[in-house]
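# Architecture at a glance
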Number of protein chains: 2
Amino acid sequence: MDFKKPETVLDLNHIRVALIRMEDTILFDLIERAQFYTSPAIYDASQLTIPGSNKSLLDFLLLESEKTHALVRRYQAPDEIPFFPDEIPEPILPPNEYSRVLASYESEVNINSLIKEVYTKEIVPLVSAGDVEQAENYGSTAICDIEVLQALSRRIHFGKFVAEAKYQSEKARFRALIEAQDSEGIDAAITNAAVEAKVLERLEAKAETYGVDPTLRWSQKSQGKIDKKIARQIYEQWVIPLTKKVEMDYLLRRLEDEKEA
Amino acid sequence: MDFKKPETVLDLNHIRVALIRMEDTILFDLIERAQFYTSPAIYDASQLTIPGSNKSLLDFLLLESEKTHALVRRYQAPDEIPFFPDEIPEPILPPNEYSRVLASYESEVNINSLIKEVYTKEIVPLVSAGDVEQAENYGSTAICDIEVLQALSRRIHFGKFVAEAKYQSEKARFRALIEAQDSEGIDAAITNAAVEAKVLERLEAKAETYGVDPTLRWSQKSQGKIDKKIARQIYEQWVIPLTKKVEMDYLLRRLEDEKEA
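As the structure is a prediction and not an experimental result, all values here were calculated from the model. Counting restarts for each chain: residues are numbered from 1 in the order of the written sequence. Think of it this way: whatever chain is written first is A, whatever ligand is written first is 1, and the rest follow in order. Under the rules for a predicted model, residues below a pLDDT of 70 receive no local features and side-chain atom pairs below 80 are neither given nor counted, while totals for whole chains, interfaces and linings still include all residues. Just so you know, side-chain values use all the structure's heavy atoms and leave hydrogens and water out.

## Side note on the overall build of chain A
As a reminder, the rule being used: A run of H or I in DSSP becomes a helix once it reaches four residues, and a run of E becomes a strand once it reaches two; helices and strands are each numbered from the N terminus. Burial classes follow relative accessibility: with a 1.4 Å probe on protein chains only, a residue under 20% of its type's maximum area counts as buried, one over 50% as exposed, and anything between as partly exposed. Residue contacts are counted whenever heavy atoms from the two residues lie within 4.5 Å of one another. Only the protein chains shown count as covering a residue, and every accessible area follows the Shrake-Rupley method with a 1.4 Å probe. Residues counted as positive are Lys and Arg, residues counted as negative are Asp and Glu, and His and the chain ends are not counted. In plain terms, the charge of a residue is placed at NZ if it is Lys, CZ if Arg, CG if Asp and CD if Glu.
Of regular secondary structure, chain A possesses eleven helices and zero strands. Starting at the N terminus and walking to the C terminus, you meet the elements of chain A as α-α-α-α-α-α-α-α-α-α-α. Principal-axis analysis of the C-alpha atoms places the extent of chain A at approximately 55 × 50 × 30 Å. Relative to its full complement of 261 residues, chain A shows a buried share of 55%. Of the contacts formed within chain A by residues at least 6 apart in sequence, a portion of 74% connects residues at least 24 apart. A total of about 11,700 Å² of accessible surface is found on chain A, and carbon and sulfur atoms cover 49% of it. Of the charged side chains in chain A, 33 are positive and 45 negative, and the gap between their average positions amounts to 4 Å.

## Some thoughts on the nonpolar core
So the rule is basically this: As used in this record, nonpolar core signifies buried Ala, Val, Leu, Ile, Met, Phe, Trp, Tyr and Cys residues forming a set joined through side-chain atoms within 4.5 Å.
Grouped together as the largest cluster of nonpolar side chains are 157 residues, with contacts concentrated most on A:Leu57, A:Ile123, A:Leu152, B:Leu57, B:Ile123 and B:Leu152. For B:Ile123, the residues in contact, after removing those within four places along its chain, are B:Leu30, B:Val118, B:Leu152, B:Ile234 and B:Trp238.

## Remarks on the relation of the copies chain A and chain B
Short version of the rule: The copies are overlaid by a least-squares fit using only the C-alpha atoms of residues whose pLDDT is at least 70 in both copies.
Screw-axis analysis of chain A against chain B gives a translation of 0.0 Å along the axis, an RMSD of 0.0 Å, and a rotation angle of 180 degrees. Interpreted geometrically, this transformation is the action of a two-fold axis. Distance from the rotation axis, computed per C-alpha, reaches its smallest value in chain A at A:Tyr210: 2.7 Å. A shared interface surface links the copies, since 100% of the contact residues of chain A are contact residues in chain B too.

## Brief notes about the side chain of B:Arg202
Turning to its location among the elements, B:Arg202 is positioned in helix H9 (residues 193–210). Ignoring sequence-local partners within four residues, the contact set of B:Arg202 consists of A:Asp213, A:Thr215, B:Ile20 and B:Glu23.

## Brief notes about the confidence of the model for chain A
Counted only if it meets this: The predictor reports its confidence for every residue as pLDDT, a score running from 0 up to 100.
Confidence in the prediction of chain A, expressed as mean pLDDT, is 93, and 96% of residues score 70 or more. In the predicted complex, the global pTM is 0.95; the interface-specific ipTM is 0.93.

## Some details on the packing of aromatic side chains
The description of an aromatic ring pair rests on the distance of the ring centres and on the angle between the ring planes. Quick note on the threshold: Stacked, edge-to-face and tilted are the three classes for Phe, Tyr and Trp ring pairs, Trp counted by its six-membered ring, which pair at centre distances within 6.5 Å; planes under 30 degrees apart are stacked, over 60 edge-to-face, the rest tilted.
Under the definition given, this model contains nine aromatic pairs over all chains. Three or more aromatic residues joined by ring pairs make a cluster, and in this case those are A:Phe28, A:Tyr210, B:Phe28 and B:Tyr210.

Here it is, written out as structure tokens:
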């Protein structure tokens, strides 16, 4: 996919290849996070206070990282969505020339707060190494969290490209559904149960492969770094439904742009 | 390993487990970097200028990241070594209580400049996806570089713990060698060819396993994301020798501390 060439971005085969590659990134990042404890203090400013900030340690580090990356235009890229869109600076580098591929309101489709809530409350307890308190690992843990969150956010918000590609390929059908604000109909139109089942199967296979030291695979010491059933659950319960929420949020407004044009 | 309990840190079995786990992190990070092009402009401030800075894009992002992480005491941890030790601020969080495990001069044993040079000049061209110029990926590429560099730095500077553990276990032998500043003798004392061969073998197996989508492994489409021979070469030519350089630099000064004590 080349964001300067719209036809490559809205090709569902290209999108699928990108999504499959992102599974590896998400699993690598979850495996890294699984080395550390749950560490709820990282997510709660009342438990761990950062002098001069009212943010939790995670939010503090995430915002500082976004500020720096915004300067070098990370959030100009159509596939990068900030968690703190109102607190980041303008780029200091000249803009890249991206062609517009998505509808004009696309940056308003941002469910990062929801992703962060689901991640810290539901996913972290499932993948972490347990409930021990170990304050000297808070920083390393939060840095892993940022990696996972950014990878999940990119994957889930890729739903915008999926939605636009589907809209373009079946305009009449989607226009009627959007006109009627028929969420159920849209949901049926964007759901492909066979593809979803395949994604989940692949997730399990990857989690098992990447999560075990191959030189220990046939020894008694073999121990997975992430449970393959949990990897599957993360996609089944959150990643896929949240991607579809992005598609839905994007599509329900899609006629706004048609009227303008 | 628990940095509050020196006996766990200087146990060579614990060190070995930590080093084996780090191989996975390094490979995951290299696999992520391998998605992007060589992008020499990232490493050269004369090719890509950051307004208000005389640093390259990589150095700019790395320093900004180190500044933020220093605030939350990353570089207080004995296994985290900054690339810009003279440019980072003091922590804003109260210090963790680490027991002193290494000699007092340990923070002066810092070969990060050398690691960065080797990485950008030698390793990047080996693992990257080729020589195309694609400016809109510069940021993502540099962020991957930072991950790899920090993982390599941590692995290589773990040589300090290896060196201290070996020193403690054979004090008389090492004292004589250090007294004589006998680098060759020290090199022989810290080298275990059988262990090194095993590391390289394991690296190849891991690179092959983590670098291939398992669901494509037996299809024609299967294509590794990192060449296992290159993974091996990176360890053989740079990671292992640089770790031994850290051990050597650390040990040659080890009697300074004995005199003080």
